[in-house]
Amino acid sequence: MVKTGKSNEFTLAFGSCNKQFRDMSLWKDVADERADAFAWLGDVVYADEKVRLPDGSKARVYKGEDAHLEAYAEMKAHPEYARIRANADVVGTWDDHDYGFNNAGKHWSHKDFAKKAFLDFLDEPEGSERRTRDGGVYDAVDYVNDEGGRVRVILLDLRWDLEESDESSSGSFMSETQWTWFGDMLAAEPRPDVTIIGSGIQVLEAPHLILQPLAKYVEPARLIAEGLENWSRNKREKDRLFATIKSTKSRVVFISGDVHHGQIAVEPAGCYLPYKTIDVTASGFTHTPFREPREPIRTLSLFATPRYFNSWILPAFDRWTGINYGVIEVDWKRGAVRAMVKSTGRETVLEESMAFADFDEDAPEKVEHRTGCSPII
């Protein structure tokens, strides 16, 4: 439990995907938010890279444990990030690139080293339960004001026990131990006004399905579609996620990362939960697909692509294509949650709000894929 000094409001800043060797000027804006807490949602650093092999082909390689540690040290020494650490409670979970390798899961050979390096970066106390529990870096923190207002932040680990589906298994995102822990954290007393669940990958969006029609005919589209991770790729696990939330009657907002663009996905009440379901994706502190190519393609890309990809251009939810971070404000005085994606100059580019009372809606259950639910599908 961490007490916040603000009696009326709690602010959480968050984000993902930070290439430590790129321009990190956006961190000044994040620091200027002066949030009560900051949550990493993965890819704090990039410990792997693409290299060109002697035969001219490209391959992805792990840079090694020394380079992994050096990347964390470089990030920790950044002056604006240091300002955040001085003024906010810093928490977080990881995704694949800070875990060590693109899309790596249960069988990653450097996972034990990666866990220690990540928790050292977060200044996790030696001997804490998080360091000693069997597997993973999942965690939960409560933020409480003087009047008893409470926000719970639950951070899931979707790498340590990740098993991809194959002919013999439907795959899994989390171990049974973490699933049990997750249910216990949702139900733990005293109950919070709102629970913020941090997931390294998107919960509502299904970006791989956007590319599915092209994947059969265009090789780059197939490779991208196969590499895009999200909860929608495993219906059994996604159903279990929402069933666990509903069984505990928790008031939940999701935050996620990974995809190198900003997005707020919203599903109407009754689609997944009795109330409106919100997933705020903040991804790309230093890079996005349209800002990453080398010159002159980068300049052409910046000129040719809109900053917003509205849902009628690229379904299913509006996207922000520039560098970005996320902010959640919990206003106890108004009894409301405000979710934002922000960009350079602290400009709010996407926004969604929800009153505490709306979490208690008794909406009729909808059949998944009915009109108004899961627009991609």
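Throughout this document, residue positions are counted from 1 along each chain, in the order its sequence is written. Only residues with pLDDT of 70 or above have their local features reported here, since the model is predicted, and side-chain atom pairs are shown and tallied only from 80 upward, although totals for entire chains, interfaces and linings are computed over all residues. Heavy atoms from the whole structure form the basis of all side-chain values; hydrogens and water molecules are not counted.

## Some thoughts on the packing of helix α7 (residues 176–187) against helix α10 (residues 235–247)
In plain terms, the rule: Only the stretch in contact is used when fitting a helix axis, every axis being a line fitted to C-alpha atoms; angles between N-to-C directions are given from 0 to 180 degrees. Under the DSSP-based scheme used, a helix requires at least four consecutive residues in state H or I and a strand at least two consecutive residues in state E, with every element numbered from the N terminus. Working rule for angles: under 35 degrees goes down as roughly parallel, over 145 as roughly antiparallel, 65 to 115 as roughly perpendicular, anything else as oblique. In this scheme the handedness of a crossing depends on how the near helix is turned from the far one: anticlockwise by less than a right angle means left-handed, clockwise means right-handed. We call two residues in contact whenever any of their non-hydrogen atoms come within 4.5 Å of each other.
Contact geometry of α7 with α10 gives a least axis separation of 9 Å together with a crossing angle of 30°. Considering their axes alone, α7 and α10 lie roughly parallel with respect to each other. Like other packed secondary-structure pairs, α7 and α10 cross with a definite hand, here right-handed. The residues of α10 that touch α7, namely those facing E176, W179, F182, G183 and L186, are E237, R240, L241, T244 and I245.

## Digging into the pairing of strand β2 (residues 9–15)
Rule in force here: To sort residues, take the accessible area from a 1.4 Å probe on protein chains only and compare it with the maximum for the residue type: under 20% means buried, over 50% means exposed, and anything in between is partly exposed. Only when DSSP finds a minimum of two bridges between them are two strands counted as paired. Here is how to tell: hold the view so the strands point away, follow the path from the first strand over the helix to the second, and if it runs clockwise the crossover is right-handed.
Summarising burial for β2: six of the seven residues are buried, a large majority. Examined bridge by bridge, β2 and strand β15 (residues 325–331) share six bridges and lie antiparallel to one another. Looking at the pairing, F14 lines up with G326 of β15. Bridge count for β2 against strand β3 (residues 37–41) is four bridges, and the pairing is parallel. Residue pairing in the sheet places A13 in a bridge with F38 of β3. Taken together, β2, helix α1 (residues 26–32) and β3 constitute a β-α-β crossover, and its handedness is right-handed.

## Notes on the packing of aromatic side chains
Any pair of aromatic rings gets described here by the distance separating the centres and the angle formed by the planes. Our working definition: Centres within 6.5 Å make a pair out of two Phe, Tyr or Trp rings, where for Trp the six-membered ring is used; the pair is then stacked when the planes are under 30 degrees apart, edge-to-face when over 60, and tilted otherwise. In this analysis the charged atom, NZ for Lys or CZ for Arg, is taken to sit over a ring once it is within 6 Å of the ring centre and within 35 degrees of the ring normal.
Applying the stated criterion across every chain yields a total of 24 aromatic pairs. Ring plane angle 75° and centroid distance 5.7 Å describe the contact between W27 and Y81, whose orientation is recorded as edge-to-face. In this pair, W27 is assigned in helix α1 and Y81 in helix α3 (residues 79–87), connecting sequence segments 54 residues apart. Each member of the pair, W27 together with Y81, is buried. Here F242 and F254 contribute two aromatic rings whose centre-to-centre distance is 5.7 Å and whose plane-to-plane angle is 75°, an arrangement assigned as edge-to-face. Of this pair, F242 sits in helix α10 while F254 sits in strand β10 (residues 252–256), and the two are 12 residues apart along the sequence. One exposure class covers both F242 and F254, and it is buried. Ring pairing ties together the aromatic residues W27, F38, W40, Y72, Y81, F121 and F285, which thus form one cluster. A cation sits over an aromatic face here: K19 above Y46, 5.3 Å from the ring centre. Its end group placed over the ring of W160, K111 keeps NZ or CZ at 4.2 Å from the ring centre.

## Focus: α3
Applied cut-off: Think of the arc as the fan of directions from the helix axis to the C-beta atoms.
For α3, the full list of buried residues reads E80, Y81 and I84. Down the axis of α3, the buried side of the element spans an arc of 100°, and every buried residue falls inside it. Looking at α3, the residues exposed on the side facing more than 90 degrees away from the buried face are P79 and A86. Lining the buried residues of α3 we find α1, β3, α2 (65–76), β6 (89–93) and α5 (111–121).

## Topic: the sheet that holds strand β17 (residues 347–355)
In spatial order, the strands read β6-β3-β2-β15-β16-β17; together these six strands make up an open sheet with mixed pairing. Either end of the sheet is taken by a strand with one partner, and the two such strands are β6 and β17. Recorded for the sheet is a direction-independent mean angle of 20° between the axes of neighbouring strands. Two elements, strand β16 (residues 336–343) and β17, share eight bridges in a ladder whose sense is antiparallel. For S343, the partnering residue across the bridge sits in β17 and is E347.

## Examining α5
Of all 11 residues making up α5, eight are buried, and the element is well covered by its neighbours. Taken together, the buried positions of α5 are occupied by K111, F113, A114, K115, A117, F118, L119 and F121. D123, located one to two residues past α5, shows a positive phi value of around 60°.

## A word on the environment of L204
Tracing the backbone shows L204 in the loop between β9 (194–199) and α8 (207–215). The exposure class of L204 is buried, given its relative accessible area of 5%. Residues within four places of L204 in sequence aside, it is in contact with S232, K238, F242, A265, V266, E267, Y272, T277, I278 and D279.

## Here we look at the nonpolar core
Rules: Take the buried residues of types Ala, Val, Leu, Ile, Met, Phe, Trp, Tyr and Cys, join any two whose side-chain atoms come within 4.5 Å, and each joined set is a nonpolar core.
Formed by 60 residues in total, the largest nonpolar core has its most connected members in F182, I245 and I328. Here F182 is in contact with I154, L156, I197, L241, T244 and I245, once residues within four sequence places are set aside. Listed in part, the 37 residues of the second largest apolar core include Y99, F113, F285 and Y325.

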